[in-house]
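In case you want the letters, here they are:
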Amino acid sequence: MTASFGAMSDPSSAPPPPPPSGGFAPPPPPPGGGFAPPPVPGGYAVPMAGGMPGGGLQLTGNGRRFGSYLLEILLVIVTLFIGWFIWWLIVWAKAQTPAKQLMKMRVVKIDENRPATYGEMALRELVGKALLANFTFGISTLVGGIMILADDKGHQAVWDKIAATTVVDDPNNAFGL
């Protein structure tokens, strides 16, 4: 007599094992979103803005950058250069220039989610602006202005390209500096 052990089933027809606890769904986003915001109407969402408090910062428009440049010249004249120069050196620690501080703008590293450091500001301002302008008899300043208008991605001038920075509007002091 043969012993019957029951019907053998085909292993390929067996149902798959249940998923591990939590399933296959991705984890929820961290508090505050953690994802880059959509482009701002009439502006540009900075690539690094996703991790910013409050959702992100808007790239400063051409008109405000030009206004900042004119205000910088006015401040140099009004403070007889020496006041502006001291102020200029102090606000580098906040990734700003005197005019950018008054206009609530900030210099940021283009893809690093942080304001420019003092050294990066020195590279941008001293090498990118002052030194280069002196060597080119001011032509680099003109070229920089044209680059801000022509560069639709990051509105970067020569000095921004040298330091890998750009300028954003920061009316609420998102970095807490």
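Above this text sits the structure in question.
Parameters at a glance
- Residues numbered from 1 in each chain as written.
- Predicted model: local features only at pLDDT ≥ 70, side-chain atom pairs only at ≥ 80, totals over all residues.
- Heavy atoms only, no water.
- Phe/Tyr/Trp six-rings, centres within 6.5 Å; stacked < 30°, edge-to-face > 60°.
- Helix = DSSP H or I, 4+ residues; strand = E, 2+ residues; numbered from the N terminus.
- Contact = heavy atoms within 4.5 Å.
- Salt bridge = Lys/Arg side-chain N within 4 Å of Asp/Glu carboxyl O.
- Buried < 20%, exposed > 50% of the residue type's maximum accessible area, 1.4 Å probe, protein only.
- Arc of directions from axis to C-beta.
- Expected span 1.5 Å × (residues − 1).

(A) Region of interest: the packing of aromatic side chains. Inspection of the entire model under this criterion finds 6 aromatic pairs. Between the aromatic rings of phenylalanine 81 and tryptophan 84, the centroid separation amounts to 5.8 Å while the plane-to-plane angle is 40 degrees, which identifies the pairing as tilted. The structure contains a cluster of three or more aromatic residues connected by ring pairs, namely Phe81, Trp84, Phe85, Trp88, Trp92 and Tyr118.

(B) Examining the side chain of threonine 166 more closely. Of note, threonine 166 is situated in strand β2 (residues 165-169). In this structure, threonine 166 is in contact with Leu59, Arg65, Arg106, Val107, Val108, Ile110, Gly154, His155, Gln156 and Asp160, ignoring residues within four places of it in sequence.

(C) Fine view of the pattern of salt bridges. On inspection of all chains with the given rule, the structure shows 9 salt bridges. Among the ionic pairs, glutamate 125 bridges to lysine 129, the shortest N-O distance being 3.4 Å. Of the two residues, glutamate 125 and lysine 129 both sit in helix α4 (residues 118-135), 4 residues apart, roughly one turn of that helix. By relative accessible area, glutamate 125 is classed as buried at 3%. Through salt bridges with shared partners, one network takes in Arg65, Arg124, Glu125, Lys129 and Asp160.

(D) Summary view of helix α2 (residues 82-91). Within the span of α2, buried status applies to Trp84, Trp88 and Val91. Taken around the axis of α2, the buried residues stretch over an arc of 80 degrees, which confines them to a single face. Opposite the packed face of α2, turned more than 90 degrees from it, sit the exposed residues Ile82 and Ile90. Here the buried face of α2 lies against α1 (62-78), α3 (98-102) and α4.

(E) Region of interest: helix α5 (residues 139-150). The end-to-end C-alpha distance of α5, which contains 12 residues, comes to 16 Å, matching closely the 16 Å that a straight helix rising 1.5 Å per residue would cover. Burial in α5 covers these residues: Ser140, Gly144 and Ile148. Down the axis of α5, the buried side of the element spans an arc of 85 degrees, and every buried residue falls inside it. Opposite the buried face of α5, at more than 90 degrees from it, the exposed residues are Ile139, Leu142, Ile146, Leu149 and Ala150. Looking at the buried positions of α5, the neighbouring elements they touch are α1, α4 and α6 (158-163).

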